[in-house]
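One letter stands for each residue in the lines below.
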Amino acid sequence: MDQLIVEFDKALRTLFAPARSVRPVPGGDMPDTLLGDAERDHVAGLMRVNHCGEICAQALYQGQAIMSRDASVRRELEQASNEETEHLAWTEQRIAELGGRKSLLNPLWYGGSLALGMLAGRLGERWNLGFLAETERQVEAHLDGHLAQLPAEDHKSRGIIGQMKLDEARHADTAIGLGAQELPGPVKAAMKLAARVMTTAAYRV
């Protein structure tokens, strides 16, 4: 019962409490750039997608850690989760600076990601780590796409996404180093499809 309360509290804090960051916000010392209305709305939409992705990451890692029986794997999941919390704080702040809003569907994404993380954890540690590694690889590629779309002069958003990309790559490398199992092609394709649905919806809603 105590563990259930702790996990429920994590969910509530992720969805409704302001996230906190130990590290300074990347690009926080850069001057803000005057963007046109269309550019500002587009960048806010991209950052909303990234914020939604971090909501999903928190739920995934939580579900994976709940099911993991390996203390070293749980530690890595918790460390990755802490950094994802910082990403949550950075994207949340940038959305506010741009006058945007967070996705209204965040509770839905959280619930689905939590279930998926628990399923991955149930399959065993190597598959659990494999799911982590593949998730981070796909997020890294997704962030590359956002860097290509951002206005060149938007150094604040670029700083945030650039640091997130570095962190995600490190998480993937750590999972591989711990013995991650390469996922089958159809599983990777299904993950990409699910991510496309989430990002398309989060950009608009």
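Remember, predicted model here, so these are calculated numbers, not experimental data.

Visitor: An account of the overall build of the chain is requested, with residue identities and associated values reported.
Guide: Helix and strand counts for the chain come out as seven helices and zero strands. Taken from the N to the C terminus, the helices and strands of the chain come in the order α-α-α-α-α-α-α. For the chain, the C-alpha radius of gyration of 16 Å lies close to 17 Å, the compact-globule estimate for 205 residues. Projecting the C-alpha coordinates of the chain onto the three principal axes gives extents of approximately 50 × 35 × 30 Å. Here the chain holds 205 residues, and the buried ones make up 43% of them. Taking as baseline every contact in the chain between residues at least 6 positions apart, the subset at least 24 positions apart corresponds to 87%. Summed over all atoms, the accessible surface of the chain reaches about 10300 Å², with 61% contributed by carbon and sulfur. Side chains of the chain carry 23 positive and 28 negative charges; the gap between the two charge centres is 4 Å.

Visitor: Break down the nonpolar core for me, with residues and values.
Guide: Val43, Met47, Leu98, Tyr110, Leu150 and Ile161 are the most contacted members of the largest nonpolar core, which has 22 residues in total. Element by element, the count of residues in this core is highest for helix H2 (residues 37–67), at six residues. With sequence-adjacent residues up to four places away left out, Leu98 is seen in contact with Leu35, Arg40, Val43, Ala44 and Met47.

Visitor: Can you tell me about the pattern of salt bridges, naming the residues and giving the values?
Guide: When charged atoms on two side chains of opposite charge get close, those side chains can pair. Summed over all chains, the structure comprises 14 salt bridges. A salt bridge links Lys102 to Glu92; the nearest nitrogen and oxygen atoms lie 3.7 Å apart. Within this pair, whereas Lys102 is found in the loop between helix H3 (71–97) and helix H4 (106–122), its partner Glu92 is found in helix H3, the two being separated by 10 residues in sequence. The exposure class of Lys102 is partly exposed, given its relative accessible area of 33%. One salt bridge in this structure joins Lys188 and Glu182, with 2.3 Å as the shortest N-O distance.

Visitor: Account for the side chain of Thr91, with residues named and values stated.
Guide: Along the chain, the position of Thr91 falls in helix H3. Side-chain polar atoms of Thr91 contact the backbone oxygen of Leu88, separated by 3.1 Å. Not counting residues up to four positions away in its chain, the partners in contact with Thr91 are Met47, Asn50, His51, Ile160 and Met164.

Each value, and the rule that gives it
Residues numbered from 1 in each chain as written. Predicted model: local features only at pLDDT ≥ 70, side-chain atom pairs only at ≥ 80, totals over all residues. Heavy atoms only, no water. Helix = DSSP H or I, 4+ residues; strand = E, 2+ residues; numbered from the N terminus. Rg over C-alpha atoms; globule rule 2.2 N^0.38 Å. Buried < 20%, exposed > 50% of the residue type's maximum accessible area, 1.4 Å probe, protein only. Contact = heavy atoms within 4.5 Å. Areas by Shrake-Rupley, 256 points an atom, 1.4 Å probe, with all protein chains shown as cover. Lys, Arg positive; Asp, Glu negative; His and termini not counted. Charge placed at Lys NZ, Arg CZ, Asp CG, Glu CD. Core = buried A, V, L, I, M, F, W, Y, C linked by side-chain atoms within 4.5 Å. Salt bridge = Lys/Arg side-chain N within 4 Å of Asp/Glu carboxyl O. Polar contact = N/O pair within 3.5 Å; in protein donor to acceptor, adjacent residues only side chain to side chain.

In short, the description is geometric, and any link to function would need to be established separately.
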